[in-house]
Structures are given as structure tokens and as C-alpha cells.
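So the chains spell out like this:
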Amino acid sequence: GVQYRKGTRATLFDAGTGPVETEVLDRYALPIGYHIEGPAIVEETESTTFVGPQWTADVDDSGSLILQKREGGK
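Heads up: these notes are all about the structure in this document. These numbers come from a predicted model, not from an experiment. (Residues numbered from 1 in each chain as written. Predicted model: local features only at pLDDT ≥ 70, side-chain atom pairs only at ≥ 80, totals over all residues. Heavy atoms only, no water.)

1. Some words on the sheet that holds strand β2 (residues 19–26)
What counts here: Here a strand pair is declared whenever DSSP counts at least two bridges between the two strands. Secondary structure elements are defined from DSSP: runs of H or I of at least 4 residues count as helices, runs of E of at least 2 residues count as strands, and each element is numbered from the N terminus. Working convention: axes come from line fits to C-alpha atoms, limited for helices to the stretch in contact. Angles between N-to-C directions cover 0 to 180 degrees.
Taken together, four strands build an open sheet; the order of strands is β1-β2-β4-β5 and the sheet is mixed. Bordering the open sheet on either side are β1 (5–12) and β5 (48–51), each of which pairs with just one other strand. Strand-to-strand twist of the sheet, defined as the mean angle between neighbouring strand axes without regard to direction, takes the value 25 degrees. Alignment of β2 against strand β4 (residues 40–43), held across four bridges, turns out to be parallel.

What follows is the structure, given as C-alpha cells:
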């Protein structure tokens, strides 16, 4: 199968809580319809997309990443 996950990275969201192990995904391998629950880091050659802890991301029919804040998210 295709491998989307590249591993994890310690990511600091709040200085008071310390780093959190965050999933790192390969942008080019994500299929149409793929759903991401933040936190996550989506890497590609030209840029990096950060999906925060209160966010989700979906790969739409054109291959674009659509990010949305969860209800009640900050």
C-alpha cells in the first residue's frame, strides 16, 4: 500500500505544556477523500501545512486540502 505517514515530530503548541508528538504526512501520497484529525504536519516540497489540534483537514475531489476548525475549537 501507499505510505502517507512519514513519522512523528515533537511540536510545541503551548509553552506551558511542552512538546506533543505530532503525525507527519506526505502531501503527495494523500488520496482523494483522506481525512486528517489535527494535530498533524503535512509536508511537501514547496510548503508545509500545519493542522492544529482543534482543526481537521480533508483532501477534496481536486486534491486540495480543506481545513476546518472543529466546533468549540480555539
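2. Side note on the pairing of β2
Remember that side chains alternate between the two faces of the sheet whenever the strand is regular. Inspection of the sheet shows β1 paired to β2 by seven bridges, in the antiparallel sense. From the neighbouring strand, Arg5 faces β2, where its bridge partner is Leu25. Where β1 folds back onto β2 in an antiparallel hairpin, the turn is made up of six residues, including Gly18, whose phi is positive at roughly 85 degrees.

3. Here we look at the sheet that holds strand β6 (residues 55–59)
One open sheet holds the three strands; their spatial order is β3-β6-β7, and the pairing between them is antiparallel. Two strands close off the open sheet at either side, each with one partner strand: β3 (35–37) and β7 (65–69). Between one strand and the next, the sheet's axes are offset by a mean angle of 20 degrees, whatever the strand orientation. Of the pairings in the sheet, the one linking β3 to β6 comprises three bridges and is antiparallel in character. Residue pairing across strands places His35 opposite Asp58, the latter belonging to β6.

4. A closer look at the side chain of Thr11
So the rule is basically this: Each residue's exposure class comes from its accessible area (1.4 Å probe, protein chains only) as a fraction of the maximum for that residue type: buried when under 20%, exposed when over 50%, partly exposed otherwise. Any pair of nitrogen or oxygen atoms within 3.5 Å is treated as a polar contact; in protein, a donor-acceptor pairing is required on top of that, and neighbouring residues in sequence qualify only through side-chain atoms on both sides. Whether two residues touch is decided by their heavy atoms; if any such pair falls within 4.5 Å, the residues are in contact.
Relative to the helices and strands, Thr11 resides in strand β1. The exposure class of Thr11 is buried, given its relative accessible area of 13%. At 3.2 Å, the side chain of Thr11 and the backbone oxygen of Arg9 are in polar contact. In this structure, Thr11 is in contact with Gly18, Pro19, Val20, Thr22, Ile41 and Phe50, ignoring residues within four places of it in sequence.

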